[in-house]
Every structure is written in C-alpha cells, then in structure tokens.
Amino acid sequence: MSVHFGWYAVMPLAELGVGKVKGFRFAGEDWVVYRTEHSVHVTENRCQHLGGRLDRTGVVVGDRLQCSLHGYQFDADGRGERKGCALHQRLKALPARVHSGMIFAWYDPAGEAPRFDLPALDEQGWSPMSFRVVELETQPELIMQDLVDGAHFETIHDYRNITYKKRPTFEEHKLSIEVLFDWDTGLPAPVNNVPARFTSEAHGLGYQHTETWSAGERYHTRHLVLPVPVDENTTRVYLGVCARVHGRVGRLGGRVLQSAAHHFIVAMFKRDIARDARLWVDTYPFETTTAPDADVAAFREWVAAFQSTPKALQETA
Ligand code: FES
Ligand SMILES: [Fe+2]
C-alpha cells in the first residue's frame, strides 16, 4: 500500500510496560513495539532467523529483543546474533520516540531517516493526556483535510461567527490555522454561544494537534488527532485530550467547581471531535474527488509532497 512518510502513532506509552512486547498492524505489515528501561523500539514482527512471530516469541533482555524460539537477540537497528553468530538479514526497524504520552514511529517507504521532527509542546500545568482509539474505513488525508475544510466548522461543529486569524498556511511539513468563533453548544445559557478560538497544526499526515481557548481564554484544551494507516481500507485514529485552567483556583468549593467545569469542557470537546468521524467515513476516497476550493486544492498539493518511492522501486527504475 502507499503510505506517506511521517511520524505515526504506535500506542500510548501507558499501554506498554517496561520489558513488554506488543504487536500491531501498520502500513499493511505486522510490527512489534518493545520497551526497554530507557527507550522504545519498533521492528517488523518476523524474526529473521526462521520467521518466529515476535509478538508471541519476543522477550526483552536488557536493551535487546530476544526471540525465544532459538535465542537470537536483536539490537535497536535490527542486527541479530546468537553466540557470536550474526544473521545476514536485519530486522526492519523504524525510528521510534515518545511524544505527549504516545509512542510514535517514523515511516518512509524509501527507508529514509526522519525528515522532520514533531513539535515541542509545553507540559506545564496540563492534565495527563487521555487517549481513546477508533478504527474507521477512511484515509489519513481525509482526516487531516478537516483543517482546510472551512464549511464543516459550521455544519458539523456548530461554530458561529467564524473568523480566520490565520488562514491555512503551508510551510514545508507543517500546516497551521487559527480561528475565532462562537460555539453553539446546543445547551442552555450561559454555556451556549461561548466565545472561543482554536489553533491547529498538522505535521505530516500522522500528527495533528489543536489547542482551544474558551470562556474568555480561561479553559484551555489540547487535542491530538493521530491517524494511522493500517491497510488500504482502514485507518486507526488515536484521539488524545488534556486540559488546563488558567487563573487562580480558590478555596475547596472553587476548586470543585473548577474541576467540574474542566471535565465538562473536555467532555464537550470529545463530543465535538467525535462528530468529525462523519466527514471521515461518509466521503469517497481522497483521490476520487476534485477540489473546487482553493484551500483544499492547496492541501492536496501539500499531501502529495509526502510521497516517497520505496528503495526497491528506486533501484529498478
Ligand atoms: S525463529 Fe527466532 S530465533 Fe529462530
Ligand atoms: Fe472537524
């Protein structure tokens, strides 16, 4: 399958204890992720000795992954050896890192090293990022297209009086926007028509984060939308959310109210993001439709820049 190069979510770090190995499907192939005391690593699932399924046979030994069938050990670059005898073929290994509580792997069909990094986010004062995951029949590019699909802010999200503080802007691997709006929550006053703004950034097709300020900038939420191409028809989407409250928190009663407001805002935004799934699923694949609007057309050109040719194809070209 054709996958755009970029960083893609593997699984939340909290789901992988130190010394654990877990399998996952990504880009039409089977992979494992394992965690040593100090780092995380991603390799193909197939042991290069006699094909052991490492999600079942792999154990972490120090900083290596050992296949328990015949005892070959693999280092972070996928080199395998047993009793001084090295395997000819390496395990395919992907660069991996942890960001915002999520394990990410860099994938490039051409096998190139990472061409960009994920943005540094301030962690001070934020609640822990909580993740949920869904698998949908869609493509990562349809999910990322939300950022340039201005009309859906009103029809799907019920945002009113929308003003762009920053129109969709494309800078190399990064797409960003900033929008002011009144949020028609569908609830009675005073939690209706809430003045709000959001900034969103996509870094490649596997990473998007949005920060939203509401109620006079007091409530600040951060969402991650992390599409992962599983196979031709399926995309796994990790949705992360966390929040922080600006301003002083008063006595106990004040703190309880703050906490309730905080949970309410997070729940509202979870509902809001869930609505996007309609756009992602109820739309024909990206390539089969034309792009009548300038922002979407520019977005599709930007997406095309993340294509890279697998090494095997380059060599035979
Ligand atoms: S199959 Fe993995 S060590 Fe032999
Ligand atoms: Fe949306």
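The shown structure was predicted, so the numbers you read here are calculated from the model rather than taken from an experiment.

1. Observations regarding the domain arrangement of the protein chain
When the domains of the protein chain are assigned, the result is domain 1 (6-107) and domain 2 (130-301). Centre-to-centre separation of domain 1 and domain 2, based on C-alpha positions: 33 Å. Contact with domain 1, which involves 16 residues of that partner, is made by 13 residues of domain 2. When domain 1 packs against domain 2, the two sides together hide about 1,100 Å² of surface, and 65% of this comes from carbon and sulfur. For domain 1, the biggest contributors to the area lost against domain 2 are Tyr8, Ala9 and Arg25; these three give 36% of the whole. One can count zero salt bridges joining domain 1 with domain 2.

2. Focus on the packing of aromatic side chains
Tallied over the full model, the rule gives 19 aromatic pairs. Seen from their ring centres, tyrosine 159 and phenylalanine 181 are 3.9 Å apart, and the 25° between their planes marks the pair as stacked. Taken together, the residues span a long stretch of sequence, with tyrosine 159 in strand β14 (residues 159-171) and phenylalanine 181 in strand β15 (residues 174-183) at a distance of 22 residues. Of the residues examined, tyrosine 159 reaches a relative accessible area of 5% and is grouped as buried. Classification of phenylalanine 181 by relative accessible area gives buried; the value is 3%.

3. A closer look at empty space enclosed by the protein
In total, this model carries one cavity of 30 Å³ or more according to the counting rule given. The space that makes up the largest cavity amounts to roughly 240 Å³. Considering the residues around the largest cavity, the lining is formed by 19 residues, among which His157, Gln208, Thr210, Ile273 and Asp276 are closest to the centre. Among the elements of the structure, α3 (150-155), β16 (194-203), β17 (208-214), β18 (219-229) and α4 (252-275) are those that each provide at least two residues to the lining of the largest cavity.

4. Things to note about the pattern of salt bridges
When the charged atoms of two side chains with opposite charge come close together, those side chains can pair. For the structure shown, the criterion picks out 19 salt bridges. A salt bridge links arginine 115 to aspartate 108; the shortest N-O distance between them is 2.6 Å. Taking relative accessible area as the criterion, arginine 115 reaches 43% and is therefore assigned partly exposed. The class for aspartate 108 is buried, based on a relative accessible area of 7%. The shortest N-O distance in the salt bridge between arginine 167 and aspartate 295 comes to 2.5 Å.

5. With respect to the pairing of strand β19 (residues 235-245)
Among the 11 residues in β19, 10 count as buried, and that is most of the element. As judged from the 11 bridges shared by β18 and β19, these two strands associate in the antiparallel manner. When the bridges of β19 are listed, leucine 224 appears paired with glycine 240. In textbook terms, the turn of a hairpin is the stretch between consecutive antiparallel strands, and for β18 and β19 this stretch comprises five residues.

6. Quick notes on unusual backbone geometry
Backbone geometry at alanine 27 places phi at a positive 55°, although glycine is not the residue there. Mapped onto the elements of the fold, alanine 27 is located in the loop between β2 (21-26) and β3 (29-35). Backbone geometry at glutamate 172 places phi at a positive 50°, although glycine is not the residue there. Tracing the backbone through its elements, the reader meets glutamate 172 in the loop between β14 and β15.

7. Description of the state of the cysteines
Within this structure, the stated rule accounts for zero disulfides. Just so you know, cysteine 85 is unpaired, no disulfide at all, and the nearest cysteine sulfur is the one on cysteine 47, 12 Å from it.

8. Topic: helix α6 (residues 294-304)
Looking at α6, one finds that the buried residues are Asp295, Val296, Phe299, Arg300, Trp302 and Val303. Considered in projection along α6, the buried side chains sweep an arc of 160° and stay on one side of the axis. For α6, the exposed residues lying more than 90 degrees away from the buried face are Ala294 and Glu301. In this structure, the buried residues of α6 make contact with α2 (140-144), β14, β15 and β16.

About the cut-offs
- Residues numbered from 1 in each chain as written.
- Chains lettered and ligands numbered in written order.
- Predicted model: local features only at pLDDT ≥ 70, side-chain atom pairs only at ≥ 80, totals over all residues.
- Heavy atoms only, no water.
- Domains from an automatic or database assignment.
- Contact = heavy atoms within 4.5 Å.
- Buried area = accessible area lost by both parts, 1.4 Å probe.
- Salt bridge = Lys/Arg side-chain N within 4 Å of Asp/Glu carboxyl O.
- Phe/Tyr/Trp six-rings, centres within 6.5 Å; stacked < 30°, edge-to-face > 60°.
- Helix = DSSP H or I, 4+ residues; strand = E, 2+ residues; numbered from the N terminus.
- Buried < 20%, exposed > 50% of the residue type's maximum accessible area, 1.4 Å probe, protein only.
- 1 Å grid on protein atoms, 1.4 Å probe; cavity = no way out; pocket = protein on both sides within 12 Å on 5 of 7 lines; lining within 4 Å.
- Points joined across faces, edges and corners; volume = space filled by probe spheres on them.
- Pairing = 2+ DSSP bridges.
- Disulfide = S-S within 2.5 Å.
- Arc of directions from axis to C-beta.

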